[in-house]
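Architecture and fold: a report
Now for the letters of each chain:
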Amino acid sequence: MQMERFRGKTVMVTGASSGIGRAVAAALSKEGGRVVLVARNEEALKATLPMMDNRDAHIVVPFDLTNFEKYEMVFQNLRKKGVVLSGMVHCAGIAPVLPLRILSRDNSFAVFDLHYFAFIELVKYYQKKGMSDGGSIVGISSINAHVPQKCMTAYAAAKSAVEAACRTMAIELIEKNIRINSVVVGGVNTNMAQEAGEALAGIRRKGSEGLRGQLMDIALPEQMTGPILFLLSNESSYITGRELYADGGRL
């Protein structure tokens, strides 16, 4: 039976131009939702639309999430269109391989800007009066925040910050009937993961890798949509400030 958990609801998805974000946008549309698709590359965002049901109903917002001065304008434009959000998922991200010898304040901030600071800005505007009707926010974390991997210090730290922020913001947001949780993903076959894997392969030494195996194969982006949509839906109405692991049984 076709599920329609998101009929009449509008959900913002960042990083909707590829990977997990694209898969989530498509899955939401198939369950009746309208999606606000956000990413920097407009052409890549438009390439997501043919994968979605009712493609003309969705809103494409080309936006660089590290342009912090423009958040107010983006959300004001949505309000002018009569958009009231019922959910939000922050999938946008980068995973640069940064050995300690080149790790710096600047390249660490580049990672934190997109994963953590952008997430905080998104939540800040989502919870403003008239912008949402309560609902649910999902941040995407990574198993890297829990299982160390060589040369991924900045990425792991940024994802840890996302999880900590979700736990803390939940206390404030519940007053506005907003839930917030994070999904801790394991190995997922996305372009970002492939690029990071290729870079790591060039500097890896036998026995130096900190990651231990996971019980399941590398996931497809579509396999992450179930946990994310669960947290967005009313089925998880008694869950907030938590992490949900979708890591393939990482041991």
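First, a word on scope: everything that follows refers to the structure included in this document.

Things to note about the sheet that holds strand β1 (residues 10-14)
- Spatially, 7 strands are ordered β3-β2-β1-β4-β5-β6-β7 in an open sheet, and the strand pairing comes out parallel. Of all strands in the sheet, those with a lone pairing partner are β3 (59-62) and β7 (243-246), marking the two edges. Looking at each pair of strands side by side, their axes are set apart by 20° on average, direction ignored.
- When strand β5 (residues 132-142) meets strand β6 (residues 178-185), the two strands line up parallel, connected through 8 bridges. Bridging from a neighbouring strand, Gly-135 pairs with Ile-178 of β6.

Quick word on helix α1 (residues 19-30)
- End to end, α1 covers 17 Å across 12 residues, agreeing with the expected 16 Å (1.5 Å per residue, within 8%).
- Along α1, the residues that are buried comprise Ile-20, Gly-21, Arg-22, Ala-23, Val-24, Ala-25, Ala-26, Ala-27, Leu-28 and Ser-29.
- The secondary structure elements touched by the buried residues of α1 are β1, β2 (34-39), α2 (42-48), β4 (85-90), β6 and α7 (225-232).
- Gly-32 sits one or two positions beyond α1 and adopts a positive phi of about 90°.

Digging into the pairing of β3
- Side chains Ile-59 and Val-61 of β3 all project onto a buried face; the interleaved residues Val-60 and Pro-62 project onto a face where none is buried.
- Where β2 and β3 come together, 4 bridges link them in parallel fashion. Bridged to Leu-37 within β3 is Val-60.
- Assessed by its sense of winding, the connection that carries the chain from β2 through α2 to β3 is right-handed.

Focus on the pattern of salt bridges
- Counted by the stated rule, this structure contains 7 salt bridges.
- Of the charged contacts, one joins Arg-7 and Glu-4 as a salt bridge, the two residues approaching to 2.8 Å between their closest N and O atoms.
- Residue class for Glu-4 comes out partly exposed when judged on its relative accessible area of 43%.
- Between Glu-243 and Arg-167 there is a salt bridge, and its shortest N-O distance comes to 2.8 Å. Taken as a pair, Glu-243 in strand β7 and Arg-167 in helix α5 (residues 153-173) lie far apart in primary sequence, 76 residues in all.
- Using a relative accessible area of 26% as the deciding quantity, one classes Glu-243 as partly exposed.

A word on unusual backbone geometry
- Positioned with a positive phi, Cys-151 is a non-glycine residue whose angle comes to about 70°.
- As for its position among the elements, Cys-151 is in the loop between β5 and α5.
- For Cys-151, a relative accessible area of 11% puts it in the buried group.
- Here Asn-177, not a glycine, exhibits a phi torsion of approximately 65°, which is positive.
- By secondary structure assignment, the location of Asn-177 is in the loop between α5 and β6.

Focus on the side chain of Ser-141
- Inspection of the secondary structure puts Ser-141 in strand β5.
- Polar side-chain contacts of Ser-141 include one of 2.5 Å to the side chain of Glu-163.
- Apart from residues no more than four positions distant in its own chain, Ser-141 is found in contact with Lys-159, Glu-163, Val-183, Val-184 and Val-185.

Here's the deal with the environment of Lys-159
- Its location among the elements puts Lys-159 in helix α5.
- Using a relative accessible area of 5% as the deciding quantity, one classes Lys-159 as buried.
- Once the C-alpha coordinates of Lys-159 and Asn-144 are considered, the two residues, 15 residues apart in sequence, prove to be 7.7 Å apart.
- Excluding anything up to four places from it in sequence, Lys-159 contacts His-115, Ile-140, Ser-141, Ser-142 and Ala-145.

Re the packing of α1 against α7
- At a minimum axis separation of 10 Å, α1 and α7 run at an interaxial angle of 60°. With respect to their mutual orientation, α1 and α7 come out oblique. Every pair of crossing elements has a handedness; the one defined by α1 and α7 is right-handed. Only Thr-225, Ile-228, Leu-229 and Leu-232 of α7 make contact with α1, whose side of the interface consists of Ile-20, Ala-23, Val-24, Ala-27 and Leu-28.

Criteria and thresholds
Residues numbered from 1 in each chain as written. Predicted model: local features only at pLDDT ≥ 70, side-chain atom pairs only at ≥ 80, totals over all residues. Heavy atoms only, no water. Pairing = 2+ DSSP bridges. Helix = DSSP H or I, 4+ residues; strand = E, 2+ residues; numbered from the N terminus. Axes fitted to C-alpha atoms, helices over the stretch in contact; angles between N-to-C directions. Expected span 1.5 Å × (residues − 1). Buried < 20%, exposed > 50% of the residue type's maximum accessible area, 1.4 Å probe, protein only. Contact = heavy atoms within 4.5 Å. Right-handed = clockwise from strand over helix to strand, strands pointing away. Salt bridge = Lys/Arg side-chain N within 4 Å of Asp/Glu carboxyl O. Polar contact = N/O pair within 3.5 Å; in protein donor to acceptor, adjacent residues only side chain to side chain. Parallel < 35°, antiparallel > 145°, perpendicular 65-115°, else oblique. Left-handed = near helix turned anticlockwise from the far one by under 90°.

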